[in-house]
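Residue-level structure breakdown
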Amino acid sequence: MSDAFLCAWQELSRQLKGEVFKDEPMARHTSYRLGGPAALYVECATLRDLSATFAVLGAYQLPWAILGKGSNILVADQGWRGAVLTLTEEFKRLRLPDEQTVGGRGEGARDATGWIGDFGNGGREKGRRHVGNHRDGARGIVPPPSSSQPFGGRYTHGQQSTADTQVPGGLLVAGAGVLLSTLVQAAFKGGIRGFEFAVGIPGTLGGALAMNAGTAKEWIGSVVRSLTVYRSGSGLARIEGDELPWNYRQSGLPAADIILEAELWATSGHTGQIRAKMEAALNRRKRSQPLTKPSAGSIFKNPPDQSAGALIDALGLKGFTIGGAEVSPLHANFIVTNGSATAADVLAIILMIKQRVKEAYGIELQNEIRFLGFEG
Ligand SMILES: Cc1cc2nc3c(=O)[nH]c(=O)nc-3n(C[C@H](O)[C@H](O)[C@H](O)COP(=O)(O)OP(=O)(O)OC[C@H]3O[C@@H](n4cnc5c(N)ncnc54)[C@H](O)[C@@H]3O)c2cc1C
């Protein structure tokens, strides 16, 4: 470990409420269970932690990347020389429209004024609160190239149909570190509809928002009223849901923004109907996705009006293996692994598929998953 990382680790360990690890194996933090060490792995438990982290990283000019649950990412076998940040405690709170707060270890129930996005005015106005200054590090997680494909499914851009019934209070507020599964269950228990599509999608709310996670027809972006982000270099900012493009598997969020919290539209529904929708979605997922083996979900975005999985399947690639990685026999857009796989095996299959699809159809498949540590 270089002096700069060692000094940063010492300073962060002293200053932060959250834990700070050096040379942390990323295999522990990804659904693929692959990936070598990150030079630093920083658990930011509070906004103060996050601000202090950026002050230290800025002072040593160290690169950083933000990670949720690592369910949409492939980390290189050699790891990454940078600081991987993750949001814990304060960022795991969830408030239903009736103001009942769930989660957030050690936080207990808090009223609205304790929330990050409130900006001292109930979160109703756009604004920015300065919470620290530092020099930006480069973000290490590489987004896929922007896609020009048209947006296909239901998209309400955060607007509500006039037929919808708003839950009194109207908003579900959740930290970016909340698991999507926790959010979906809380919505169900609170009689809030509109989140059923997300049942079974692994990861955090922050990751889901960054990826605009969802199905072919519904995505998280359509229920966003606002996001509170930490903008490296300037501090907190509020972004209205309809300021972002929310394209297919991309939010359009600026690369240096870390999502901290979201206000989500809460529309009341019939619990029985919500349950039925969730069960149907879960059953579809169980039938079509290889859920018993490590993966990062769909590797490629669907090209316009096509299914990446169907294109790969038609080339007879289901079951194709390199080392311990395999094109799933169940869903050709999933690459699954066994215990002996390396990230290099997964990458080799990705590159092979791209080449074969290009040769056969003239289509350049775009990555849906993100990569860390493969630069150069
Ligand atoms: C079995 C399986 C099934 C899946 N099914 C689906 C599906 O049906 N639909 C779907 O859309 N996805 C699916 N996925 C992919 C994945 O679950 C989603 O993309 C998920 O939303 C990623 O969340 P995460 O917290 O794991 O993000 P990570 O993988 O940790 O990060 C993904 C990206 O989001 C960024 N990010 C994370 N947190 C923040 C934050 N707070 N602020 C800013 N950026 C952030 C990261 O930098 C990275 O670029 C599946 C994955 C698996 C393993």
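See the structure above.
Treat the numbers as computed from the prediction; the structure is a model and nothing was measured.

**A short note on the overall build of the chain**
- Broken down by element type, the chain carries 7 helices and 17 strands.
- Of all 376 residues assigned to the chain, the portion counted as buried reaches 47%.
- Within the chain, residue pairs in contact and separated by at least 24 positions form 72% of the contacts whose partners lie at least 6 positions apart.

**Regarding the site of the ligand**
- Every one of the 33 residues lining the ligand counts as a neighbour, but G68, G203, G206, G207 and G297 are closest to it.
- Elements represented by at least two residues in the shell around the ligand include exactly strand 3 (64–67), helix 4 (205–211) and strand 13 (257–268).
- Of the residues belonging to the shell around the ligand, the class tally is 17 nonpolar, 14 polar and 2 charged.

**Describing the environment of I258**
- Within the secondary structure, I258 sits in strand 13.
- Residue I258 is classed as buried on the basis of its 22 C-beta neighbours within 10 Å.
- When the C-alpha atoms of I258 and L85 are compared, they prove to be 9.9 Å apart, with 173 residues separating the residues in sequence.
- Setting aside chain neighbours within four positions, we find I258 in contact with I66, V229 and Y230.

**Some words on the sheet that holds strand 15 (residues 325–327)**
- Here 3 strands make up an open sheet; going across it, the order is 14-15-16 and the pairing antiparallel. The open sheet has two free edges, formed respectively by strand 14 (321–322) and strand 16 (335–337), since each of these has just one partner strand.

**Structural notes on the packing of helix 1 (residues 3–15) against helix 2 (residues 47–60)**
- The contact between helix 1 and helix 2 brings their axes to 10 Å, and the two run at 160°. For the element pair helix 1 / helix 2, the angle class is roughly antiparallel. Like other packed secondary-structure pairs, helix 1 and helix 2 cross with a definite hand, here right-handed. When helix 1 is examined against helix 2, the residues A4, C7, A8, E11, L12 and Q15 are found in contact with a partner set consisting of A52, T53, V56, L57 and Y60.
- Residue composition of the contact of helix 1 with helix 2, grouped by class: 8 nonpolar, 2 polar and 1 charged.

**Quick notes on the environment of A55**
- Structurally, A55 can be placed in helix 2.
- Spatially, the C-alpha atom of A55 lies 9.4 Å from that of G233, the residues being 178 residues apart in sequence.

**Observations concerning the sheet that holds strand 1 (residues 20–25)**
- Taking strand neighbours across the sheet as the criterion, the 4 strands line up as 1-2-5-3 in an open arrangement whose pairing is mixed. What marks the edges here is a single partner per strand, and that holds for strand 1 and strand 3. Averaged over all neighbouring strand pairs, the angle between strand axes comes to 35°, with direction disregarded.
- Direction of pairing for strand 1 relative to strand 2 (residues 37–44): antiparallel, over a ladder of 5 bridges. Residue pairing in the sheet places K22 in a bridge with L40 of strand 2.

Rules and cut-offs
- Residues numbered from 1 in each chain as written.
- Predicted model: local features only at pLDDT ≥ 70, side-chain atom pairs only at ≥ 80, totals over all residues.
- Helix = DSSP H or I, 4+ residues; strand = E, 2+ residues; numbered from the N terminus.
- Buried ≥ 20, exposed ≤ 12 C-beta atoms within 10 Å, placed from the backbone.
- Contact = placed C-beta atoms within 7 Å.
- Near = placed C-beta within 6 Å.
- Nonpolar A, V, L, I, M, F, W, Y, C, P; charged D, E, K, R; others polar.
- Pairing = 2+ DSSP bridges.
- Axes fitted to C-alpha atoms, helices over the stretch in contact; angles between N-to-C directions.
- Parallel < 35°, antiparallel > 145°, perpendicular 65-115°, else oblique.
- Left-handed = near helix turned anticlockwise from the far one by under 90°.

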